Amino acid sequence: GSFWNTFGGGQEGIAASDASPLDKLLQSEDCSVEALLHEPEVIQEFKGGHDKLVSRLSQPDALLLLVEFITCEPSEQASDERKFRYPFVTVELISCGPPTFFKALVDSDHPEILDKLWSFLESTPPAEV
């Protein structure tokens, strides 16, 4: 490896014990969107183009869930995170995402993502948008 990877300067060189909670979460196989949105540094890392984070949130299942967080009213029994944090963080991510994220959002291979967004806009009176 390179000098920086050997001495901890590169992402690949980070030991598991030195990895941030976000990096540890992204390394797990069952990395949920909700768990990512719960992490305090998710917005900053996403804005910075964290490759693994952008890749995970650009997957069709994640994009559908993100769109759901901002278009579907949560139930009264939903957690405060579902009611407040997830929609807030989602809007921040969508408004500042890197180009690869936006390409995934409008990808013609997964029309269901934009269909979900458009159906919300079509079914909601302008005064409520």
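One can find the structure itself at the top, above this paragraph.
About the criteria used
- Residues numbered from 1 in each chain as written.
- Predicted model: local features only at pLDDT ≥ 70, side-chain atom pairs only at ≥ 80, totals over all residues.
- Heavy atoms only, no water.
- Helix = DSSP H or I, 4+ residues; strand = E, 2+ residues; numbered from the N terminus.
- Expected span 1.5 Å × (residues − 1).
- Buried < 20%, exposed > 50% of the residue type's maximum accessible area, 1.4 Å probe, protein only.
- Contact = heavy atoms within 4.5 Å.
- Salt bridge = Lys/Arg side-chain N within 4 Å of Asp/Glu carboxyl O.
- Core = buried A, V, L, I, M, F, W, Y, C linked by side-chain atoms within 4.5 Å.
- Phe/Tyr/Trp six-rings, centres within 6.5 Å; stacked < 30°, edge-to-face > 60°.
- Polar contact = N/O pair within 3.5 Å; in protein donor to acceptor, adjacent residues only side chain to side chain.
- Bend = angle between axes of the 7 residues up to and from the residue.

Draft legend 1. Inspection of helix α6 (residues 60–71) at higher detail. Its 12 residues place the ends of α6 16 Å apart at the C-alpha level, agreeing with the 16 Å of an ideal helix rising 1.5 Å per residue. What α6 keeps buried is the set A62, L63, L65, L66, V67, F69 and T71. Those residues of α6 that are buried are in contact with α3 (33–38), α5 (51–57), α7 (80–96), α8 (99–105) and α9 (111–123).

Draft legend 2. Examining the pattern of salt bridges more closely. All told, the structure shown has 1 salt bridge when counted by the stated rule. Between R56 and D61 there is a salt bridge, and its shortest N-O distance comes to 3.3 Å. R56 gets classed as buried once you look at its relative accessible area, which sits at 13%.

Draft legend 3. Structural view of the nonpolar core. Ranked by internal contacts, the top residues of the largest apolar core, which has 26 residues, are V33, L36, L37, L53 and L57. When residues of this core are traced back to their parent elements, those giving at least two are α2 (21–27), α3, α4 (42–47), α5, α6, α7 and α8. Looking at which element gives the most residues to this core, the answer is α6, with 6 residues. The contact partners of L57, leaving out residues within four places of it in the chain, are V33, L36, F46, A62, L63, L66, L93 and F101.

Draft legend 4. Structural context of the packing of aromatic side chains. All told, the structure shown has 3 aromatic pairs when counted by the stated rule. Both rings, one in F101 and one in F102, keep their centres 5.8 Å apart while their planes meet at 70 degrees; by these two values the pair is edge-to-face. A residue is classified by how much of its surface remains accessible, and F101, at 1% relative accessible area, is buried. Overall, F102 belongs to the partly exposed group, its relative accessible area being 32%.

Draft legend 5. Local environment of the environment of D61. Counting through the fold element by element, D61 comes out in helix α6. In this structure the C-alpha to C-alpha distance between D61 and V33, which are 28 residues apart in sequence, comes to 9.0 Å. For D61, the side chain forms a polar contact with the side chain of R56, separated by 3.3 Å.

Draft legend 6. Local environment of α7. The end-to-end C-alpha distance of α7 is 24 Å, a good match for the 24 Å that 17 residues give at a rise of 1.5 Å each. The largest bend along α7 reaches roughly 30 degrees and is located at Y86, with the proline P87 sitting one to four residues downstream. Taken together, the buried positions of α7 are occupied by R82, Y86, P87, V89, T90 and L93. Where α7 is buried, its residues meet α3, α4, α5, α6 and α8.

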